[in-house]
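Here are the chains, one letter per residue:
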Amino acid sequence: MSEWHVIGARPLRGSVRVQGSKNAVLPVIAASLLTPNETVLTNCPALSDVDAAVDILRYLGCTAEQREGEVHINTAAPERWDIPPELTHRMRSSVIFLGPMLARFGRARVSLPGGCELGARPIDLHLRALRCLGAEIEELSDGVLCRARELRGAEIPLTLPSVGATENAMIAACAARGETVIYNAAREPEIETLQGYLCLLGADISGAGSPVIRVKGFSPKDHAVLTVPPDRIATATYLCCAVCAGGELELRGVRPRELRPVLSVLRCMGCDLTEGESSLRLRAPERPRPAGAVITRPYPGFPTDAAPLLMAACLRTGGSSVFMENIFDCRFRHAEEMRRLGADISLRGPVAVVNGVERLRGARLRSPDLRGGAALVAAALGAEGETIIEDPGHIPRGYQALEESLRALGAEVWRI
Ligand code: EPZ
């Protein structure tokens, strides 16, 4: 458990280079099992989720060296094909190793922790996709056991554009004989990064970013060097911190085009936003206007992961903002904590109504999950006095040196 201490009501000023993307690098680390050669990742973020994914590779018998922003992976001689509970409990999304292990070893066993802070995290779409490719899957009480003598290309219609199920299908399809077509595929930028990596390995794959992805089986030989793209949710996080605290901020090494829905809401709130090729400058208004209606949807809709951060930015606006969550069952667990700061938030199922208040006052809070925890830090930046946030380890899963970056921008933030 760590404690974040924030002394609020100090404007942010300065420039930050945003970290590499957690949700882009995790599936690539898993997919590195496809090749018996080396994969080098640069601009890799220092996150506990990345440590957990690399530890899974090491447990399987691969080698992986991490040193300042780079990870050198060698998957020449894996010895295991199972992932035990102590490793899957550290990383929620370890289901992403199912497809790669099935592709490499023809079998896989992953013990799954079931739900998480965001509610039930079913994997039915992952399993259906792998069954389409010819896998035999036994659902055990504590996980799944998969076998596939041979994977065969297939048509995979996803009933939901699940990011993880799309990624598992893409990776497993690389080892399938013949062509696979994935319909209703997720369109997130992380899918395009994964496609880019699989192409570096020699895959014949196209369509990422569109609802239809085509993959032809291949036997990977080459080794790959991939630069991890910037984290679009970390980018949204820093922007919302600046709205909460006031001031102005420059973000470097970012991709504004991946944040269209977030940027347009921030402009509606009165933020002065300037976009460069790989930079963003935000000047916060004295008092932001309300956000209006924020409805989360699969990409390219408003990203569910940015909703808690935007809610923090709405707490002291001059009106009401309405949030509608369409992706996860328990996305609003941070709302209860924000009320302790004096926020006026009412919840009705998937809908949260935020009525802006004049001022927020520091309080003792508890981080409920990764993005909710970051949202509490953002909200605390706009609260008078000191806020203490108890965090059981959620925030470091997805943010690299968040406290150092905020301190460099003039915030009074430290972590015990
Ligand atoms: C990825 O999770 C991200 N995680 C999440 O980010 C992100 O919120 C989510 O995509 C949506 O964008 C990683 O990339 C590691 P989904 P994933 O499968 O793949 C339902 C963060 O904070 N579903 O697209 O698990 C599911 O319940 C994390 O960085 C099924 O019903 O998300 C949810 O309602 C949080 N059956 C919806 O689909 C399945 O088999 C979207 O889930 C799979 C998913």
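The structure under discussion appears in the preceding block.
Below or above, wherever it landed, is the structure these notes cover. Here, residues in each chain are numbered from 1, in the same order as that chain's written sequence. Selection of residues for local features in this predicted model requires a pLDDT of at least 70, selection of side-chain atom pairs for listing and counting requires 80 or more, and totals for whole chains, interfaces and linings are taken over all residues. To get the side-chain values, take all heavy atoms of the structure and skip hydrogens and water.

For the rest of this paragraph, the subject is the nonpolar core. In terms of nonpolar packing, the biggest core is built from 74 residues, with I29, L41, F97, L98 and L198 touching the most fellow members. Non-local contacts of I29, meaning those with residues more than four positions away in its chain, are made with L41, V50, A53, V54, L57, I73 and F97. A245, M269, A284 and A378 belong to the second-largest nonpolar core, a separate cluster that totals 73 residues. We call a set of buried residues a nonpolar core when its members are Ala, Val, Leu, Ile, Met, Phe, Trp, Tyr or Cys and they connect through side-chain atoms within 4.5 Å of each other. A simple rule labels every residue: compare its accessible area, found with a 1.4 Å probe on the protein chains alone, to the largest value its type can have, and call it buried under 20%, exposed over 50%, or partly exposed in between. It only takes one pair of heavy atoms within 4.5 Å for two residues to be counted as in contact.

Across the sheet, four strands lie side by side as β18-β19-β21-β20; this open sheet has mixed pairing. With partners counted over all chains shown, the strands left at the sheet margins are β18 (292-295) and β20 (344-348), one partner each. Averaged over neighbouring strand pairs, the angle between their axes works out to 15° when direction is ignored. In this analysis, axes come from line fits to C-alpha atoms, helices being fitted only over the stretch in contact, and the angle between any two N-to-C directions falls in the range 0 to 180 degrees. Labels follow the DSSP assignment, with helices taken as runs of H or I lasting at least four residues and strands as runs of E lasting at least two, numbered in each case from the N terminus. Together, β18, β19 (320-324), β20 and β21 (351-355) form the strand contacts of helix α10 (residues 307-314), whose direction differs from that of β19 by roughly 170°. For two strands to count as paired, DSSP must find a minimum of two bridges between them.

Attention now goes to unusual backbone geometry. It is generally the case that most residues other than glycine have a negative phi and that most peptide bonds are trans. Y299 connects to P300 through a cis peptide bond whose omega is 10°. Its identity as a non-glycine residue notwithstanding, A9 has a phi of 60°, on the positive side. Its location among the elements puts A9 in the loop between β1 (2-7) and β2 (12-17). Phi is positive for N184, which is not a glycine, with a value near 60°. Counting through the fold element by element, N184 comes out in the loop between β11 (179-183) and α7 (189-200).

Turning to the site of the ligand, a few remarks are in order. By nearness alone, 21 residues border the ligand, and D124, L125, S162, D305 and I327 come closest of all. Definition of a polar contact: a pair of N or O atoms within 3.5 Å, with one able to donate and the other able to accept a hydrogen when the atoms are protein atoms, and with sequence-neighbouring residues admitted only if both atoms are side-chain atoms. Residue K22 places a side-chain N or O atom 3.0 Å away from an oxygen atom belonging to the ligand. The separation between an oxygen atom of the ligand and a polar side-chain atom of R121 is 3.0 Å. Areas reported as accessible are Shrake-Rupley estimates using a 1.4 Å probe. Residue values count occlusion only from the protein chains shown. In the complex, 85% of the free accessible area of the ligand, which totals 820 Å², lies under the protein chains. Contributing elements (two or more residues each) for the shell around the ligand: α1 (22-31), α5 (124-132), α6 (163-173) and α12 (370-381). The element best represented in the shell around the ligand is α5, accounting for three residues. Class assignment for the residues of the shell around the ligand results in nine nonpolar, six polar and six charged. An automatic or database domain assignment provides the domain bounds reported here. Built from parts of two domains, the shell around the ligand gets at least three residues from each of domain 1 (2-19 + 230-415) and domain 2 (22-227). In this text, near means that some heavy atom of the residue lies within 4 Å of the molecule or strand in question. Residues are sorted three ways: Asp, Glu, Lys and Arg are charged, Ala, Val, Leu, Ile, Met, Phe, Trp, Tyr, Cys and Pro are nonpolar, and all the rest, Gly among them, are polar.

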